[in-house]
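Listed below are the residues making up each chain.
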Amino acid sequence: MYRSFVGNCLIREMEFRWHFILYSLINLIWMVLALVTFVFIYGHVSLIGSWTLPQMLLLTATFYFFDRVFDTLFEINFSRLNHLVNQGDLDLVLTKPVSGQFLVSLRYFSFASLFGAISMLGLIIWLIARYFWPLAPGELLIYALLLCFGLVIIYSWWFSTLLLVFWLGNIDNINQLFRPIYEVVRIPIDITGPILKPLLTFVIPLAFVATVPVQVFTRGANYYMLLYGLVAAAASLWLSHRLWRFALRHYTSASS
Amino acid sequence: MRKYWLIFKLNLVEAFVYRATSFIWFFCDFAPALVLVIFWVAVFAGKDSIAGFSLADMLLYYFGVMIISTVIIPHPAPWLAEQIRTGQFAPVYLLKPVSVFWERLCSQISWRLIRLLFTVPASILVGYLLQDYLGDFTLPLKRLSILILALILSFIGQLFFKICLGLAAIWFGDSFWIIAFWDMLMALLGGAYFPLDIYPPLVQSISLYLPFRYFFYFPLSIFLGQADSAGLIRGFLWLGFWLIVAGLTYRLVLTRGIKNYSAFGG
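Definitions and limits used
Residues numbered from 1 in each chain as written. Chains lettered and ligands numbered in written order. Predicted model: local features only at pLDDT ≥ 70, side-chain atom pairs only at ≥ 80, totals over all residues. Heavy atoms only, no water. UniProt positions renumbered as here; feature names shortened; annotations may be inferred. Helix = DSSP H or I, 4+ residues; strand = E, 2+ residues; numbered from the N terminus. Buried < 20%, exposed > 50% of the residue type's maximum accessible area, 1.4 Å probe, protein only. Contact = heavy atoms within 4.5 Å. Expected span 1.5 Å × (residues − 1). Arc of directions from axis to C-beta. Phe/Tyr/Trp six-rings, centres within 6.5 Å; stacked < 30°, edge-to-face > 60°. Lys NZ or Arg CZ within 6 Å of the ring centre and 35° of its normal.

Residues and elements named next belong to chain B. This chain's UniProt record puts "transmembrane region" (unreviewed entry) on residues 23-46, 58-77, 113-134, 146-170, 176-194, 206-224 and 236-254. A helix fraction of 89% and a strand fraction of 0% characterise residues 206-224, whose end C-alpha atoms lie 23 Å from each other. Along residues 236-254 the backbone is 100% helical and 0% strand, and the end-to-end C-alpha distance reaches 26 Å.

In this section: the side chain of B:Asp29. Residues and elements named next belong to chain B. On the secondary structure map, Asp 29 appears in helix H2 (residues 19-43). Owing to a relative accessible area of 18%, Asp 29 belongs among the buried residues under this scheme. If near-sequence neighbours (up to four positions away) are discounted, Asp 29 is found in contact with Ser 69, Thr 70, His 75 and Arg 115.

Now for helix H6 (residues 114-132) of chain A. All names here are of chain A. Between its terminal C-alpha atoms H6 stretches 26 Å, which fits the 27 Å expected from 19 residues at 1.5 Å a residue. If you check which residues of H6 are buried, you get Gly 116, Ala 117, Met 120, Ile 124, Leu 127, Ile 128 and Phe 132. The buried residues of H6 occupy one face: seen down the axis, they fall within an arc of 110°. Exposed side chains of H6 directed beyond 90 degrees from the buried face belong to Ile 118, Ile 125, Ala 129 and Arg 130. In this structure, the buried side of H6 is in contact with helix H2 (17-41), helix H3 (53-87), helix H7 (139-162) and helix H11 (211-219).

Using the criterion set out here, one finds 66 aromatic pairs over all chains in the structure. Taking 6.5 Å as the distance between ring centres and 75° as the angle between the ring planes, the aromatic pair formed by A:Phe38 and B:Phe194 counts as edge-to-face. Remark: B:Phe194 occurs in the loop between helix H10 (176-189) and helix H11 (201-208) and A:Phe38 occurs in helix H2; the pair is interchain, linking two chains. The side chain of B:Arg19 reaches across the aromatic face of B:Phe16, ending 5.0 Å from its centre. We note B:Arg104 situated over the ring of B:Trp79; from NZ or CZ to the ring centre the distance is 3.9 Å.

Attention now moves to the environment of B:Cys106. All names here are of chain B. Within the secondary structure, Cys 106 sits in helix H6 (residues 100-129). Since its relative accessible area comes to 10%, Cys 106 is described here as buried. On a C-alpha basis, the gap between Cys 106 and Ser 49 in space is 43 Å, while along the polypeptide they are 57 residues apart. When near neighbours in sequence (up to four residues on either side) are disregarded, Cys 106 contacts Tyr 4, Ile 7 and Phe 8.

Written out as structure tokens, the structure reads:
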């Protein structure tokens with residue numbers, strides 16, 4: 001089913017080829033400029049917290065890779081939930097013999113951010129080969145696993161914030177509510193201070209987006225964090241599903 | 001002008017009804033600067049000065065960014081692009097005696113007024129939390145008047161340009177990419193992301209000849225009290241120049257756009 005969704009979206013995307021090409025290009029320029037800005041900042045300092053320039057570049061590249069993958073999979077779907085709920089179109093989702101949460105979260109696939117994600121993956125590989133090689137056995141796998149846990153965690157928290165539309169009515173930018181909170185992951189979580197650091201590592205575990213995965217290469221694999229990431233991802237996903245079920249009980253539809 | 005007063009009042013009511021929407025946009029504009037405050041506190045650990053900025057200067061800078069971002073950055077483009085894409089542009093603007101600019105101006109001002117409900121208390125709270133760093137900061141009446149003038153001119157100039165970005169959907173079908181491009185340049189060359197002083201001289205020189213610096217960094221420098229008399233005159237001349245360019249660009253794009261516009265559906 002998901003393959004059909006992706007194929008359908010590819011056809012749709014190709015109707016706006018120039019938008020796809022130009023958006024991909026702008027996306028790439030934005031990420032490159034953000035990375036270059038850190039080079040300028042490190043012209044004035046040698047360390048930020050305990051982070052050197054290559055480590056900071058790897059963190060930023062990891063953040064952008066994560067962000068573009070997230071946009072590819074979820075962002076376009078999240079922007080549609082408000083419309084589904086307030087126009088009553090959610091009826092069509094709920095009457096299908098498929099998980100409603102799956103359909104509203106993954107029905108559309110955005111190719112516009114995919115080029116950015118691939119570019120950042122290339123940069124991550126180059127940075128690792130240039131500055132962090134050789135790696136200890138399993139470090140790459142742990143890095144990838146932690147990113148997957150981060151994806152599930154961010155999806156779950158972000159999705160949960162969208163559910164407010166079931167109570168608050170029409171909020172056409174509800175998909176942006178979590179973004180300012182999520183912004184904090186673009187900087188190393190361990191420099192955020194004694195209150196935010198544990199909060200963003202253990203309570204709202206946003207550190208799993210970039211900081212914790214990159215620390216695999218800078219401080220070595222931490223198996224406790226790997227285990228915690230698995231637990232946090234599973235708990236977040238479970239909680240988001242419970243909230244979805246709870247929110248559905250307040251759905252009254254809007255059609256005649 | 002009565003019709004625009006009515007449009008303003010209608011938008012004000014709408015913005016008040018959808019105040020959650022307004023809050024989220026405020027939050028999106030306000031929070032990134034808070035993240036950068038945290039970032040710079042870490043950068044300054046053990047350092048007295050970076051690119052001529054002390055930590056207090058830098059925190060004051062982002063305090064200004066937070067306030068100015070929420071007040072003077074209009075967002076008319078995505079809505080206009082959506083109207084064009086869905087064929088609603090003609091019923092709203094072409095079949096009624098309504099100017100695109102004035103209608104969008106009324107709408108943006110009303111939404112920004114409601115946004116002040118969040119901006120003012122949030123700024124007071126952040127100002128209180130950063131009081132150790134902002135202790136000497138004052139905004140005398142004369143500088144405040146100059147700042148308000150710069151903010152108004154910047155707001156109108158940006159509005160003209162951003163309407164053009166929205167109207168680009170007439171040619172491209174979707175103008176999201178060009179809006180993203182503008183926002184990127186504004187963040188980098190306007191100084192909303194990082195102070196322009198940390199960039200190399202070449203980038204700073206380029207920024208002198210583009211509008212972004214005058215739309216954002218110039219009002220910010222007035223807010224911070226960094227602009228001297230010569231800088232103020234130079235800044236206002238450039239701002240005036242870009243305002244005229246923006247107005248002429250708007251007229252050109254609108255005239256050509258209406259000739260090219262086509263809509264589908266019944």
